[in-house]
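Here's the letter readout for the chains.
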Amino acid sequence: MPHYSRRDFLKTGLAAGALVGAGKLSLWAQPKTATDWVTLGKSHVQVTRLAFGTGSFSGAVQRDLGQEQFTSLVRHAYDRGIRFFETAESYTDMHKMLGIALQGIPRDSYRLMSKVTTRDGVDPQAKIDELRKLANSDYFDILLLHYQHSATWPTDSSRWQDGILEAQERKAVMSHGASVHGLPALRQLAVNNWLDVAMVRMNHKGVRMDAENYDTDGLGNVPEVVTHVKEAHNKGMGVISMKLVGEGRFNREDRQKALRFAFRNAGVDAVTIGYKNTAEIDEAIENLNLALA
């Protein structure tokens, strides 16, 4: 039997401890990336940090690509690891185009978010089923009330909130929330117990962001928007941000800064960006990876 001195024992123990510690360090030091799966708060839905948006200028940019080119773009995003796709009823034809583009890809391998327009005189169940059929999907992972922009939106949209909950009961929708515009509407986030997910405009410059007037051409109030994002997080909501490229106005440096600000300062969970070519997808992934580093 080999003889070990106390010094040998201590050296061996320290070495083993160092290895274990190094293993833990390696585990914790794994870099965050644009295509990691993250959970959107109490919704429990997991999405990739970076989403593929189809609403550039209400979808005009994506529609103008035509189905074949759009499908190639979606497939490129999927192959690069983006597994979160979003559209809206008001993005004419984009549910159908996205459904065709994703056809044949295993449904459980990606997440699909839609936004529904909360019109009067429309049956929520019929509309949700219509959108699901157009998107060629049995369900939406996330369904948002689109473009809520008044201080009274939680009351004004109550019929649609109930309709979405009913759709959730029958598994046509997995989770729900709202896309919110303007400071009066944003101020209702933290006091709204219905919300699981909030979609909020976000960038470091305030371009096309929220002010007292929800549709202003001026700059938004960035500090107040960030405050509402953090309040939403404290309530357990997942937060997705949009307008990260200033509606196409930013150069690459500002696109990088916008992503860094969204995640490091505002603390959003995920972002959606619209693309018109593969280079924009590749750049967005690179920019977000840099922002998370």
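Residues numbered from 1 in each chain as written. Predicted model: local features only at pLDDT ≥ 70, side-chain atom pairs only at ≥ 80, totals over all residues. Heavy atoms only, no water.

Caption draft 1: The pattern of salt bridges, seen in detail. As enumerated under the stated definition, the model contains 19 salt bridges in all. In this structure, lysine 257 and glutamate 253 form a salt bridge, with 3.2 Å as the shortest nitrogen-oxygen distance. One end of the pair is lysine 257 and the other is glutamate 253, both in helix 10 (residues 252-266) and four residues apart, which spans about a single turn. A relative accessible area of 34% means that lysine 257 is categorised as partly exposed. Across the pair glutamate 280 and lysine 276 runs a salt bridge, and its minimum N-O distance is 2.5 Å. Looking at glutamate 280, the relative accessible area reads 24%, which means it is partly exposed. (Salt bridge = Lys/Arg side-chain N within 4 Å of Asp/Glu carboxyl O. Helix = DSSP H or I, 4+ residues; strand = E, 2+ residues; numbered from the N terminus. Buried < 20%, exposed > 50% of the residue type's maximum accessible area, 1.4 Å probe, protein only.)

Caption draft 2: Just the environment of aspartate 215, in detail. Within the fold, aspartate 215 resides in the loop between strand 8 (197-201) and helix 9 (222-234). Residue classification places aspartate 215 among the partly exposed residues on the basis of a relative accessible area of 43%. The spacing of aspartate 215 and histidine 181 is 34 residues in sequence and 8.0 Å in space, taken between C-alpha atoms.

Caption draft 3: Geometry of a negative patch on the surface. Taken together, Asp123, Asp162, Glu166 and Glu169 make up a surface patch of like negative charges. Positionally, glutamate 169 belongs in helix 7 (residues 158-169). (Patch = residues over 30% accessible without salt bridge, like charges linked within 9 Å, V, L, I, M, F, W, Y side chains within 5 Å. Areas by Shrake-Rupley, 256 points an atom, 1.4 Å probe, with all protein chains shown as cover. Lys, Arg positive; Asp, Glu negative; His and termini not counted. Charge placed at Lys NZ, Arg CZ, Asp CG, Glu CD.)

Caption draft 4: A look at the pairing of strand 5 (residues 111-116). Burial analysis of strand 5 places six of its six residues in the buried class, which makes it a mostly covered element. The alternating pattern of strand 5 places Arg111, Met113 and Lys115 and Leu112, Ser114 and Val116 on opposite faces, both of which are buried. Viewed along the sheet, the connection from strand 4 (residues 84-86) through helix 4 (residues 94-101) into strand 5 turns out right-handed. As paired strands, strand 5 and strand 6 (residues 142-148) are joined by four bridges and run parallel to one another. Residue pairing in the sheet places valine 116 in a bridge with leucine 145 of strand 6. (Right-handed = clockwise from strand over helix to strand, strands pointing away. Pairing = 2+ DSSP bridges.)

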